[in-house]
Amino acid sequence: MYDAPDSQDPEDLRVASRELNGRRPWLDPAEQVPYGHVLHAAVLGHAPAGVVARLRALRYADVQLPEAPLPGTVEPGDVPLLRDVTAEYRPTWLDVGKPVSLHQILESGGRTDRAPADVARRLTALCYRLGGSGRPLPESPDRGDALLITSGHGPYRQWADWGDEVPAYRVIEAAGETRRSPYAVANRLLTLGLRLPYTPEASDELLLAGDGGTGSHFRRPPVGHILQAARMTGRTPADVATRLTELGYAVPAAVPDPPEVDDFIILSEELDGRGPWLAQNGVVGLAMLHILRGALATGRSPADIAARLATMGYSLHANAILPEVADEADVRLLATVDRSYLDNVHLEHVLRSASLTGRSPADVAARLTALGHRLPDDIEYPEVRACPAAS
(Lines give C-alpha, C1' and ligand atoms only; values in the text may rest on other atoms or scores of the structure.)
Protein backbone atom coordinates (compact mmCIF):
# COMPACT_ATOMS: atom_id res chain seq x y z
CA MET A 1 0.00 0.00 0.00
CA TYR A 2 1.34 3.40 -0.96
CA ASP A 3 1.57 6.34 1.43
CA ALA A 4 -0.48 9.46 0.96
CA PRO A 5 1.25 12.37 -0.78
CA ASP A 6 3.11 14.82 1.44
CA SER A 7 0.49 17.50 1.13
CA GLN A 8 -2.33 18.93 3.25
CA ASP A 9 -4.25 20.27 0.25
CA PRO A 10 -7.53 18.31 -0.13
CA GLU A 11 -7.34 18.79 -3.90
CA ASP A 12 -3.89 17.20 -3.97
CA LEU A 13 -5.18 14.22 -2.04
CA ARG A 14 -8.12 13.81 -4.33
CA VAL A 15 -5.98 13.92 -7.48
CA ALA A 16 -3.52 11.40 -6.02
CA SER A 17 -6.19 8.89 -5.00
CA ARG A 18 -7.22 6.24 -7.53
CA GLU A 19 -10.91 6.84 -6.90
CA LEU A 20 -10.51 10.64 -6.65
CA ASN A 21 -12.00 10.60 -3.16
CA GLY A 22 -8.93 11.71 -1.18
CA ARG A 23 -8.52 8.26 0.40
CA ARG A 24 -6.67 5.06 -0.23
CA PRO A 25 -5.78 3.43 -2.54
CA TRP A 26 -3.23 5.97 -3.78
CA LEU A 27 -1.52 6.16 -7.13
CA ASP A 28 1.87 4.41 -7.18
CA PRO A 29 4.65 6.98 -7.75
CA ALA A 30 6.73 4.25 -9.42
CA GLU A 31 4.08 3.56 -12.06
CA GLN A 32 2.84 5.64 -14.96
CA VAL A 33 -0.29 7.66 -14.21
CA PRO A 34 -2.85 6.74 -16.91
CA TYR A 35 -4.14 9.52 -19.15
CA GLY A 36 -7.68 8.46 -18.27
CA HIS A 37 -6.97 9.31 -14.61
CA VAL A 38 -5.88 12.80 -15.68
CA LEU A 39 -9.12 13.33 -17.60
CA HIS A 40 -11.22 11.89 -14.80
CA ALA A 41 -9.56 14.22 -12.31
CA ALA A 42 -10.23 17.13 -14.65
CA VAL A 43 -13.97 16.54 -14.17
CA LEU A 44 -13.50 17.86 -10.61
CA GLY A 45 -13.09 21.35 -12.01
CA HIS A 46 -9.43 21.48 -13.04
CA ALA A 47 -8.17 21.71 -16.59
CA PRO A 48 -6.21 18.60 -17.67
CA ALA A 49 -3.01 20.68 -17.85
CA GLY A 50 -3.58 21.78 -14.25
CA VAL A 51 -4.06 18.16 -13.15
CA VAL A 52 -0.76 17.20 -14.81
CA ALA A 53 1.06 20.07 -13.10
CA ARG A 54 -0.39 19.12 -9.73
CA LEU A 55 0.60 15.45 -10.18
CA ARG A 56 4.15 16.35 -11.10
CA ALA A 57 4.38 18.65 -8.10
CA LEU A 58 3.40 15.63 -6.01
CA ARG A 59 6.36 13.75 -7.57
CA TYR A 60 4.38 11.65 -9.99
CA ALA A 61 6.98 12.06 -12.72
CA ASP A 62 5.58 9.61 -15.29
CA VAL A 63 2.20 10.84 -16.49
CA GLN A 64 0.82 9.39 -19.71
CA LEU A 65 -0.01 12.15 -22.19
CA PRO A 66 -1.27 12.24 -25.78
CA GLU A 67 0.76 13.48 -28.71
CA ALA A 68 -1.73 16.29 -29.32
CA PRO A 69 -2.22 19.30 -27.00
CA LEU A 70 -4.35 18.57 -23.97
CA PRO A 71 -8.07 19.37 -24.18
CA GLY A 72 -9.32 22.42 -22.34
CA THR A 73 -12.18 20.77 -20.46
CA VAL A 74 -13.60 17.34 -19.68
CA GLU A 75 -17.29 16.59 -19.17
CA PRO A 76 -18.71 14.10 -16.64
CA GLY A 77 -20.27 12.13 -19.50
CA ASP A 78 -16.81 11.54 -20.96
CA VAL A 79 -15.66 9.29 -18.12
CA PRO A 80 -17.59 6.13 -19.18
CA LEU A 81 -16.08 6.46 -22.65
CA LEU A 82 -12.58 6.32 -21.18
CA ARG A 83 -12.99 2.90 -19.55
CA ASP A 84 -11.37 0.08 -21.50
CA VAL A 85 -14.25 -2.26 -22.40
CA THR A 86 -11.89 -5.24 -22.73
CA ALA A 87 -10.75 -5.07 -19.08
CA GLU A 88 -11.85 -8.27 -17.33
CA TYR A 89 -10.98 -7.85 -13.65
CA ARG A 90 -10.95 -4.19 -12.65
CA PRO A 91 -11.76 -0.89 -14.36
CA THR A 92 -8.89 0.11 -16.64
CA TRP A 93 -8.37 3.38 -18.45
CA LEU A 94 -8.22 3.42 -22.23
CA ASP A 95 -4.62 3.60 -23.48
CA VAL A 96 -4.14 6.92 -25.30
CA GLY A 97 -1.03 5.50 -26.96
CA LYS A 98 -3.03 3.00 -29.05
CA PRO A 99 -5.68 3.56 -31.74
CA VAL A 100 -9.21 3.20 -30.42
CA SER A 101 -10.88 0.01 -31.67
CA LEU A 102 -14.33 -0.15 -33.22
CA HIS A 103 -15.34 -2.46 -30.39
CA GLN A 104 -14.45 0.23 -27.83
CA ILE A 105 -16.59 2.83 -29.59
CA LEU A 106 -19.61 0.58 -30.07
CA GLU A 107 -19.50 -0.97 -26.60
CA SER A 108 -19.10 2.33 -24.78
CA GLY A 109 -21.73 3.90 -27.03
CA GLY A 110 -24.16 1.10 -26.21
CA ARG A 111 -23.56 1.47 -22.48
CA THR A 112 -24.18 5.22 -22.59
CA ASP A 113 -26.87 5.34 -25.31
CA ARG A 114 -24.67 7.52 -27.50
CA ALA A 115 -24.31 7.24 -31.26
CA PRO A 116 -21.04 5.78 -32.57
CA ALA A 117 -20.33 9.07 -34.36
CA ASP A 118 -20.84 11.01 -31.12
CA VAL A 119 -18.48 8.70 -29.20
CA ALA A 120 -15.86 8.94 -31.91
CA ARG A 121 -16.04 12.75 -32.00
CA ARG A 122 -15.74 13.01 -28.25
CA LEU A 123 -12.77 10.65 -27.99
CA THR A 124 -11.04 12.55 -30.79
CA ALA A 125 -11.64 15.80 -28.93
CA LEU A 126 -10.00 14.19 -25.90
CA CYS A 127 -6.88 13.48 -28.01
CA TYR A 128 -7.46 9.78 -28.68
CA ARG A 129 -6.60 8.40 -32.11
CA LEU A 130 -9.24 6.33 -33.89
CA GLY A 131 -8.44 3.26 -35.90
CA GLY A 132 -9.74 2.80 -39.43
CA SER A 133 -9.83 5.16 -42.37
CA GLY A 134 -11.85 7.94 -40.75
CA ARG A 135 -15.09 6.93 -42.48
CA PRO A 136 -18.11 8.56 -40.80
CA LEU A 137 -19.94 6.40 -38.29
CA PRO A 138 -23.73 6.26 -37.75
CA GLU A 139 -25.32 9.24 -36.04
CA SER A 140 -28.02 7.06 -34.47
CA PRO A 141 -27.41 5.08 -31.25
CA ASP A 142 -28.00 1.33 -31.20
CA ARG A 143 -27.29 -0.84 -28.16
CA GLY A 144 -26.93 -3.90 -30.38
CA ASP A 145 -24.00 -2.55 -32.38
CA ALA A 146 -21.31 -4.27 -30.32
CA LEU A 147 -23.09 -7.60 -30.64
CA LEU A 148 -23.18 -7.29 -34.42
CA ILE A 149 -19.39 -7.34 -34.67
CA THR A 150 -18.78 -10.33 -32.38
CA SER A 151 -18.02 -13.92 -33.28
CA GLY A 152 -17.46 -16.93 -31.08
CA HIS A 153 -18.38 -17.32 -27.45
CA GLY A 154 -16.75 -17.22 -24.04
CA PRO A 155 -12.94 -17.23 -24.17
CA TYR A 156 -13.10 -17.61 -27.96
CA ARG A 157 -15.12 -14.45 -28.53
CA GLN A 158 -13.62 -11.96 -30.96
CA TRP A 159 -14.66 -8.59 -32.32
CA ALA A 160 -14.35 -7.37 -35.86
CA ASP A 161 -12.39 -4.17 -36.24
CA TRP A 162 -12.27 -1.33 -38.74
CA GLY A 163 -12.44 -2.60 -42.32
CA ASP A 164 -12.80 -6.30 -41.46
CA GLU A 165 -15.11 -8.50 -43.52
CA VAL A 166 -18.01 -10.04 -41.62
CA PRO A 167 -18.92 -13.55 -42.90
CA ALA A 168 -22.40 -13.96 -44.34
CA TYR A 169 -23.34 -16.55 -41.74
CA ARG A 170 -22.51 -14.11 -38.95
CA VAL A 171 -25.00 -11.63 -40.40
CA ILE A 172 -27.73 -14.26 -40.02
CA GLU A 173 -26.65 -15.18 -36.50
CA ALA A 174 -26.54 -11.54 -35.44
CA ALA A 175 -30.00 -11.00 -36.91
CA GLY A 176 -31.39 -13.74 -34.69
CA GLU A 177 -29.56 -12.46 -31.61
CA THR A 178 -30.79 -8.89 -32.08
CA ARG A 179 -34.24 -9.79 -33.43
CA ARG A 180 -33.98 -7.85 -36.63
CA SER A 181 -33.81 -8.79 -40.29
CA PRO A 182 -30.52 -9.89 -41.89
CA TYR A 183 -30.97 -7.06 -44.39
CA ALA A 184 -31.10 -4.47 -41.59
CA VAL A 185 -28.06 -6.04 -39.90
CA ALA A 186 -26.12 -6.05 -43.17
CA ASN A 187 -26.81 -2.37 -43.77
CA ARG A 188 -25.88 -1.43 -40.21
CA LEU A 189 -22.57 -3.29 -40.53
CA LEU A 190 -21.78 -1.37 -43.69
CA THR A 191 -22.47 1.95 -41.98
CA LEU A 192 -20.07 0.86 -39.23
CA GLY A 193 -17.30 0.62 -41.80
CA LEU A 194 -17.19 -3.15 -42.09
CA ARG A 195 -17.24 -5.19 -45.29
CA LEU A 196 -19.55 -8.01 -46.41
CA PRO A 197 -19.06 -10.76 -48.99
CA TYR A 198 -22.19 -9.56 -50.79
CA THR A 199 -24.11 -6.37 -51.47
CA PRO A 200 -27.39 -6.12 -49.51
CA GLU A 201 -30.48 -5.75 -51.69
CA ALA A 202 -33.91 -4.52 -50.67
CA SER A 203 -35.44 -7.67 -52.16
CA ASP A 204 -33.58 -9.72 -49.54
CA GLU A 205 -36.29 -8.72 -47.08
CA LEU A 206 -38.87 -10.64 -49.11
CA LEU A 207 -36.63 -13.67 -49.50
CA LEU A 208 -36.29 -13.88 -45.73
CA ALA A 209 -39.80 -12.75 -44.82
CA GLY A 210 -40.78 -16.16 -43.52
CA ASP A 211 -37.55 -16.67 -41.63
CA GLY A 212 -37.84 -13.77 -39.19
CA GLY A 213 -34.08 -13.38 -39.03
CA THR A 214 -33.68 -16.22 -36.56
CA GLY A 215 -31.54 -18.54 -38.63
CA SER A 216 -27.91 -19.47 -38.32
CA HIS A 217 -25.38 -20.42 -40.91
CA PHE A 218 -26.16 -24.09 -40.18
CA ARG A 219 -29.82 -23.58 -40.87
CA ARG A 220 -31.20 -24.96 -44.12
CA PRO A 221 -34.26 -22.97 -45.26
CA PRO A 222 -37.18 -25.33 -45.93
CA VAL A 223 -38.00 -26.02 -49.57
CA GLY A 224 -41.46 -24.55 -48.99
CA HIS A 225 -39.90 -21.28 -47.85
CA ILE A 226 -37.85 -21.08 -51.06
CA LEU A 227 -40.89 -21.78 -53.24
CA GLN A 228 -42.95 -19.21 -51.35
CA ALA A 229 -40.21 -16.60 -51.71
CA ALA A 230 -40.02 -17.33 -55.43
CA ARG A 231 -43.77 -16.90 -55.77
CA MET A 232 -43.73 -13.61 -53.84
CA THR A 233 -40.84 -12.09 -55.78
CA GLY A 234 -41.46 -13.49 -59.25
CA ARG A 235 -38.03 -15.06 -59.29
CA THR A 236 -37.30 -18.69 -60.05
CA PRO A 237 -36.75 -21.08 -57.14
CA ALA A 238 -33.21 -21.68 -58.40
CA ASP A 239 -32.51 -17.94 -58.34
CA VAL A 240 -33.89 -17.66 -54.80
CA ALA A 241 -31.78 -20.61 -53.65
CA THR A 242 -28.66 -19.04 -55.17
CA ARG A 243 -29.29 -15.74 -53.42
CA LEU A 244 -29.96 -17.43 -50.09
CA THR A 245 -26.63 -19.22 -50.45
CA GLU A 246 -24.93 -15.85 -50.99
CA LEU A 247 -26.64 -14.60 -47.84
CA GLY A 248 -25.09 -17.40 -45.81
CA TYR A 249 -27.80 -20.05 -45.77
CA ALA A 250 -27.19 -23.72 -46.54
CA VAL A 251 -30.01 -24.32 -49.00
CA PRO A 252 -31.46 -27.74 -49.88
CA ALA A 253 -29.76 -29.54 -52.74
CA ALA A 254 -33.07 -30.33 -54.46
CA VAL A 255 -35.47 -27.46 -55.15
CA PRO A 256 -38.24 -28.07 -57.74
CA ASP A 257 -38.11 -25.58 -60.58
CA PRO A 258 -40.87 -25.11 -61.49
CA PRO A 259 -42.93 -26.54 -58.59
CA GLU A 260 -45.97 -28.73 -59.05
CA VAL A 261 -49.43 -27.62 -57.98
CA ASP A 262 -49.52 -29.79 -54.85
CA ASP A 263 -45.98 -28.97 -53.71
CA PHE A 264 -47.09 -26.05 -51.56
CA ILE A 265 -49.64 -28.27 -49.82
CA ILE A 266 -47.42 -31.24 -49.05
CA LEU A 267 -44.53 -28.98 -48.00
CA SER A 268 -46.74 -27.17 -45.50
CA GLU A 269 -46.81 -28.54 -41.95
CA GLU A 270 -50.54 -27.80 -41.73
CA LEU A 271 -51.17 -28.86 -45.36
CA ASP A 272 -52.74 -25.48 -46.07
CA GLY A 273 -50.16 -24.20 -48.56
CA ARG A 274 -48.63 -21.75 -46.08
CA GLY A 275 -45.83 -21.71 -43.54
CA PRO A 276 -44.67 -23.07 -41.21
CA TRP A 277 -42.94 -25.23 -43.78
CA LEU A 278 -41.87 -28.83 -43.45
CA ALA A 279 -38.31 -29.08 -42.13
CA GLN A 280 -35.88 -31.80 -43.17
CA ASN A 281 -34.72 -34.28 -40.56
CA GLY A 282 -32.02 -36.65 -41.74
CA VAL A 283 -32.00 -38.58 -38.46
CA VAL A 284 -35.55 -39.77 -37.84
CA GLY A 285 -36.83 -39.10 -41.35
CA LEU A 286 -40.15 -37.77 -42.54
CA ALA A 287 -43.17 -38.41 -40.32
CA MET A 288 -45.50 -41.07 -41.66
CA LEU A 289 -48.38 -39.01 -40.28
CA HIS A 290 -47.52 -36.15 -42.64
CA ILE A 291 -47.45 -38.52 -45.62
CA LEU A 292 -50.89 -39.89 -44.85
CA ARG A 293 -52.39 -36.48 -44.16
CA GLY A 294 -50.86 -35.17 -47.40
CA ALA A 295 -52.36 -38.05 -49.34
CA LEU A 296 -55.81 -37.35 -47.92
CA ALA A 297 -55.49 -33.63 -48.60
CA THR A 298 -54.47 -34.09 -52.25
CA GLY A 299 -56.26 -37.30 -53.19
CA ARG A 300 -52.96 -38.91 -54.13
CA SER A 301 -51.55 -42.18 -52.85
CA PRO A 302 -49.11 -42.26 -49.92
CA ALA A 303 -46.45 -43.72 -52.25
CA ASP A 304 -46.94 -40.82 -54.68
CA ILE A 305 -46.63 -38.23 -51.89
CA ALA A 306 -43.56 -39.93 -50.45
CA ALA A 307 -41.93 -40.11 -53.86
CA ARG A 308 -42.57 -36.45 -54.59
CA LEU A 309 -41.18 -35.36 -51.24
CA ALA A 310 -38.15 -37.62 -51.77
CA THR A 311 -37.24 -35.64 -54.91
CA MET A 312 -37.05 -32.56 -52.68
CA GLY A 313 -34.80 -34.17 -50.08
CA TYR A 314 -37.44 -35.49 -47.66
CA SER A 315 -37.35 -39.23 -47.04
CA LEU A 316 -38.96 -41.73 -44.72
CA HIS A 317 -36.91 -43.70 -42.22
CA ALA A 318 -35.76 -47.08 -43.51
CA ASN A 319 -38.01 -48.88 -40.99
CA ALA A 320 -41.18 -47.15 -42.19
CA ILE A 321 -43.70 -49.21 -44.18
CA LEU A 322 -46.09 -47.18 -46.33
CA PRO A 323 -49.70 -48.38 -46.57
CA GLU A 324 -51.19 -48.57 -50.07
CA VAL A 325 -53.95 -46.13 -49.21
CA ALA A 326 -54.32 -43.38 -46.66
CA ASP A 327 -56.82 -44.13 -43.91
CA GLU A 328 -58.27 -41.65 -41.42
CA ALA A 329 -58.01 -44.33 -38.74
CA ASP A 330 -54.25 -44.51 -39.30
CA VAL A 331 -54.02 -40.73 -39.10
CA ARG A 332 -55.86 -40.71 -35.77
CA LEU A 333 -53.65 -43.54 -34.48
CA LEU A 334 -50.34 -41.99 -35.51
CA ALA A 335 -51.39 -38.66 -34.02
CA THR A 336 -51.24 -40.37 -30.60
CA VAL A 337 -47.74 -41.79 -31.11
CA ASP A 338 -44.79 -39.65 -30.06
CA ARG A 339 -42.16 -42.26 -30.97
CA SER A 340 -39.99 -42.05 -34.08
CA TYR A 341 -38.91 -45.05 -36.10
CA LEU A 342 -35.64 -45.00 -34.18
CA ASP A 343 -37.48 -45.66 -30.91
CA ASN A 344 -39.13 -48.81 -29.67
CA VAL A 345 -42.83 -48.58 -28.91
CA HIS A 346 -43.42 -49.98 -25.43
CA LEU A 347 -46.49 -51.25 -23.64
CA GLU A 348 -47.30 -47.90 -22.07
CA HIS A 349 -47.33 -46.26 -25.51
CA VAL A 350 -49.65 -48.88 -26.90
CA LEU A 351 -52.03 -48.54 -23.96
CA ARG A 352 -52.04 -44.76 -24.30
CA SER A 353 -52.87 -44.93 -28.02
CA ALA A 354 -55.57 -47.48 -27.35
CA SER A 355 -57.12 -45.24 -24.73
CA LEU A 356 -57.04 -42.18 -27.01
CA THR A 357 -58.44 -43.95 -30.08
CA GLY A 358 -60.91 -46.43 -28.51
CA ARG A 359 -59.16 -49.36 -30.18
CA SER A 360 -57.95 -52.50 -28.44
CA PRO A 361 -54.29 -52.67 -27.46
CA ALA A 362 -53.90 -55.72 -29.73
CA ASP A 363 -55.33 -53.83 -32.69
CA VAL A 364 -53.06 -50.82 -31.99
CA ALA A 365 -49.97 -53.03 -31.68
CA ALA A 366 -50.77 -54.90 -34.88
CA ARG A 367 -51.34 -51.74 -36.88
CA LEU A 368 -48.21 -49.99 -35.60
CA THR A 369 -46.20 -53.11 -36.47
CA ALA A 370 -47.70 -53.08 -39.97
CA LEU A 371 -46.56 -49.47 -40.36
CA GLY A 372 -43.00 -50.40 -39.41
CA HIS A 373 -42.78 -49.50 -35.74
CA ARG A 374 -40.78 -51.83 -33.50
CA LEU A 375 -42.68 -53.43 -30.62
CA PRO A 376 -41.54 -56.09 -28.12
CA ASP A 377 -42.29 -59.67 -29.25
CA ASP A 378 -42.90 -61.09 -25.78
CA ILE A 379 -46.07 -59.17 -24.92
CA GLU A 380 -49.64 -60.34 -25.47
CA TYR A 381 -51.86 -57.32 -25.90
CA PRO A 382 -55.51 -57.43 -24.77
CA GLU A 383 -58.18 -57.70 -27.45
CA VAL A 384 -60.63 -55.68 -25.38
CA ARG A 385 -61.21 -52.17 -26.62
CA ALA A 386 -60.36 -49.32 -24.32
CA CYS A 387 -62.85 -46.62 -23.49
CA PRO A 388 -61.86 -43.51 -25.44
CA ALA A 389 -60.24 -40.92 -23.21
CA ALA A 390 -62.22 -37.75 -22.65
CA SER A 391 -60.92 -34.91 -24.78
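In the block above lies the structure referred to throughout.
Residues numbered from 1 in each chain as written. Predicted model: local features only at pLDDT ≥ 70, side-chain atom pairs only at ≥ 80, totals over all residues. Heavy atoms only, no water.

A. Geometry of the packing of aromatic side chains. With the rule as written, the count across this model stands at two aromatic pairs. The interplanar angle of 55° and the centroid separation of 5.6 Å between the aromatic rings of tyrosine 35 and tyrosine 128 together place this pair among those described as tilted. Of the two residues, tyrosine 35 sits in helix H2 (residues 35–42) while tyrosine 128 sits in the loop between helix H5 (116–125) and helix H6 (145–148), which places them 93 residues apart along the sequence. The residue whose ring lies beneath arginine 83 is tryptophan 93, and the NZ or CZ to ring-centre distance is 3.7 Å. When the ring centre of phenylalanine 264 is taken as origin, the NZ or CZ atom of arginine 231, which lies over that ring, is 3.7 Å away. (Phe/Tyr/Trp six-rings, centres within 6.5 Å; stacked < 30°, edge-to-face > 60°. Helix = DSSP H or I, 4+ residues; strand = E, 2+ residues; numbered from the N terminus. Lys NZ or Arg CZ within 6 Å of the ring centre and 35° of its normal.)

B. Inspection of the nonpolar core at higher detail. Formed by 81 residues in total, the largest nonpolar core has its most connected members in Leu55, Ile105, Leu123, Tyr128, Leu189, Leu244 and Leu309. Every residue in contact with leucine 189, bar those within four places of it in the chain, is listed here: Leu148, Ile149, Val166, Val171, Leu194 and Leu196. Membership of the second largest hydrophobic core comes to 18 residues, among which are Leu292, Leu334, Val337 and Ala365. (Core = buried A, V, L, I, M, F, W, Y, C linked by side-chain atoms within 4.5 Å. Buried < 20%, exposed > 50% of the residue type's maximum accessible area, 1.4 Å probe, protein only. Contact = heavy atoms within 4.5 Å.)

C. Spotlight on the environment of glycine 294. Structurally, glycine 294 is set in helix H13 (residues 288–298). According to the relative accessible area criterion, glycine 294 is buried, its value standing at 0%. Expressed as a C-alpha distance, the spacing of glycine 294 and arginine 54, which sit 240 residues apart in the sequence, is 83 Å. With sequence-adjacent residues up to four places away left out, glycine 294 is seen in contact with Leu271 and Ile305.

D. Spatial organisation of the environment of aspartate 95. Relative to the elements of secondary structure, aspartate 95 occurs in the loop between helix H3 (48–57) and helix H4 (102–112). Among the residues examined, aspartate 95 registers a relative accessible area of 31% and is labelled partly exposed. Note: C-alpha distance between aspartate 95 and threonine 236 (141 residues apart in sequence) is 54 Å. Each residue touching aspartate 95, except ones within four places of it in the same chain, is listed here: Gln64 and Tyr128. At 2.8 Å, the side chain of aspartate 95 and the backbone nitrogen of glycine 97 are in polar contact. (Polar contact = N/O pair within 3.5 Å; in protein donor to acceptor, adjacent residues only side chain to side chain.)

E. How the structure looks around unusual backbone geometry. Across the junction of arginine 24 and proline 25, the peptide omega takes the value 0°, indicating a cis bond. Its location among the elements puts proline 25 in the loop between helix H1 (10–16) and H2. Along the chain, glycine 275 connects to proline 276 via a cis peptide bond; the corresponding omega equals 5°. By the secondary structure assignment, proline 276 is in the loop between helix H12 (263–266) and H13.

F. Highlighting the pattern of salt bridges. According to the stated counting rule, one finds 25 salt bridges in the structure shown. What emerges from the salt-bridge pattern is a single network uniting Glu201, Asp204, Arg243 and Glu246. (Salt bridge = Lys/Arg side-chain N within 4 Å of Asp/Glu carboxyl O.)

G. Spotlight on the packing of helix H10 (residues 223–233) against helix H11 (residues 237–246). Contact geometry for H10 and H11: axes closest at 8 Å, N-to-C directions at 110°. Put simply, H10 runs roughly perpendicular to H11. Read as a crossing pair, H10 and H11 show a hand that is right-handed. The residues of H11 that touch H10, namely those facing His225, Ile226, Leu227, Ala229, Ala230 and Thr233, are Pro237, Val240, Ala241 and Leu244. (Axes fitted to C-alpha atoms, helices over the stretch in contact; angles between N-to-C directions. Parallel < 35°, antiparallel > 145°, perpendicular 65-115°, else oblique. Left-handed = near helix turned anticlockwise from the far one by under 90°.)

H. Layout of H5. Within the span of H5, buried status applies to Pro116, Ala117, Val119, Ala120, Arg122 and Leu123. Against H4, H6 and helix H8 (182–191) lie the buried residues of H5. Positive phi shows up at cysteine 127, right after H5, with a value of about 80°.

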